[in-house]
Amino acid sequence: QVQLVESGGGSVQAGGSLRLSCVGSGYNFSRTCMAWFRQAPGKERERVATIDFDGTPTHARAVKDRFIISRDNAKNTVYLQMNSLKPEDSAMYYCRKGNSGVCYGYTDWGHGTQVTVSS
């Protein structure tokens, strides 16, 4: 079955950096879109970044120029490099797989990894 396992979250001060990782298994990772979502307390889940099977990335406006999504198909892993973190980036971050190679729709959620940014 599909498994998505996130890691790399933690607590940092504003301006700091973290790198999240998500290992996918149970499907053809290299042919599948991958994405990062996040949810802060009291807020709806929002899409942070996506990466198509061919490596084409997109980033939400709120994180553009600060976060970078990438993938290593040899390791079945998608990354989210987060720089210049702000308190408003504090959230649970989730990995999702797409339902195809191009990121139009998504299935499955990981359990998430918590990111806390203090001012």
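Counting restarts for each chain: residues are numbered from 1 in the order of the written sequence. pLDDT decides what is reported in this predicted model: residues at 70 or higher carry local features, side-chain atom pairs at 80 or more are listed and counted, and totals for whole chains, interfaces and linings draw on all residues regardless. Side-chain figures throughout are based on the complete set of non-hydrogen atoms in the structure, without hydrogens or water.

S.K.: Break down the environment of Q114 for me, citing the residues and quoting the values.
M.R.: Secondary structure elements are defined from DSSP: runs of H or I of at least 4 residues count as helices, runs of E of at least 2 residues count as strands, and each element is numbered from the N terminus. Inspection of the secondary structure assignment puts Q114 in strand β11 (residues 113–118). The contact rule is simple, with two residues in contact once any of their heavy atoms fall within 4.5 Å. Discounting chain neighbours no more than four positions away, the residues touching Q114 are G9, G10, A91 and M92. Under the rule applied, a polar contact is a pair of N or O atoms within 3.5 Å (in protein, one hydrogen donor and one hydrogen acceptor; residues adjacent in sequence only if both atoms are side-chain atoms). In terms of polar contacts, Q114 uses its side chain to reach the backbone carbonyl oxygen of A91, at 3.3 Å.

S.K.: Describe the state of the cysteines, naming the residues involved and giving the relevant values.
M.R.: When two cysteine sulfur atoms are found within 2.5 Å, that pair is recorded as a disulfide. Throughout the structure, instances matching the rule amount to two disulfides. For C22, the disulfide goes to C95, at an S-S distance of 2.1 Å. Given an S-S torsion of about -75 degrees, the disulfide between C22 and C95 has left-handed geometry. Taken together, the residues C22 in strand β3 (residues 18–25) and C95 in strand β9 (residues 91–98) connect sequence positions 73 residues apart. The buried label applies to any residue whose accessible area, calculated with a 1.4 Å probe on protein chains only, is under 20% of its type's maximum; exposed applies above 50%, and partly exposed to all values in between. With a relative accessible area of 0%, C95 lands in the buried category. Between the sulfur of C33 and that of C103 lies a disulfide, 1.9 Å long from S to S. Linking C33 and C103, the disulfide has an S-S dihedral of approximately 110 degrees and is accordingly described as right-handed. Here the residue C33 occupies a position in the loop between β3 and β4 (34–39), and C103 occupies one in the loop between β9 and β10 (106–109), the gap between them amounting to 70 residues. Here the two residues C33 and C103 agree in accessibility, since each one is buried. When the cysteines engaged in disulfides are numbered in sequence order, the protein pairs them as 1-3, 2-4.

S.K.: An account of the environment of T113 is needed here, citing residue identities and associated values.
M.R.: Turning to its location among the elements, T113 is positioned in strand β11. Considered as a pair, T113 and T56 are 57 residues apart in the sequence and their alpha carbons are 24 Å apart. Here T113 is in contact with E6, S7, G8, G9, L20, A91, M92 and Y93, once residues within four sequence places are set aside. Of note is the side chain of T113, whose polar atom sits 3.0 Å from the backbone nitrogen of G9.

S.K.: How would you sum up the sheet that holds β3? Please name residues and give values.
M.R.: Note: two strands are recorded as paired if DSSP finds a minimum of 2 bridges between them. Ordered in space as β1-β3-β8-β7, the four strands form an open sheet in which the pairing is antiparallel. Each edge of the sheet is formed by a strand with only one pairing partner; in this case those strands are β1 (3–7) and β7 (67–72). In this sheet, adjacent strand axes meet at a mean angle of 15 degrees when their direction is disregarded. The pairing of β7 with strand β8 (residues 77–82) spans six bridges and is classified as antiparallel. Counterpart to S70 in the pairing with β8 is Y79. Here an axis means a line fitted to C-alpha atoms, over the contact stretch when the element is a helix, while the angle between two N-to-C directions is reported on a 0 to 180 degree scale.

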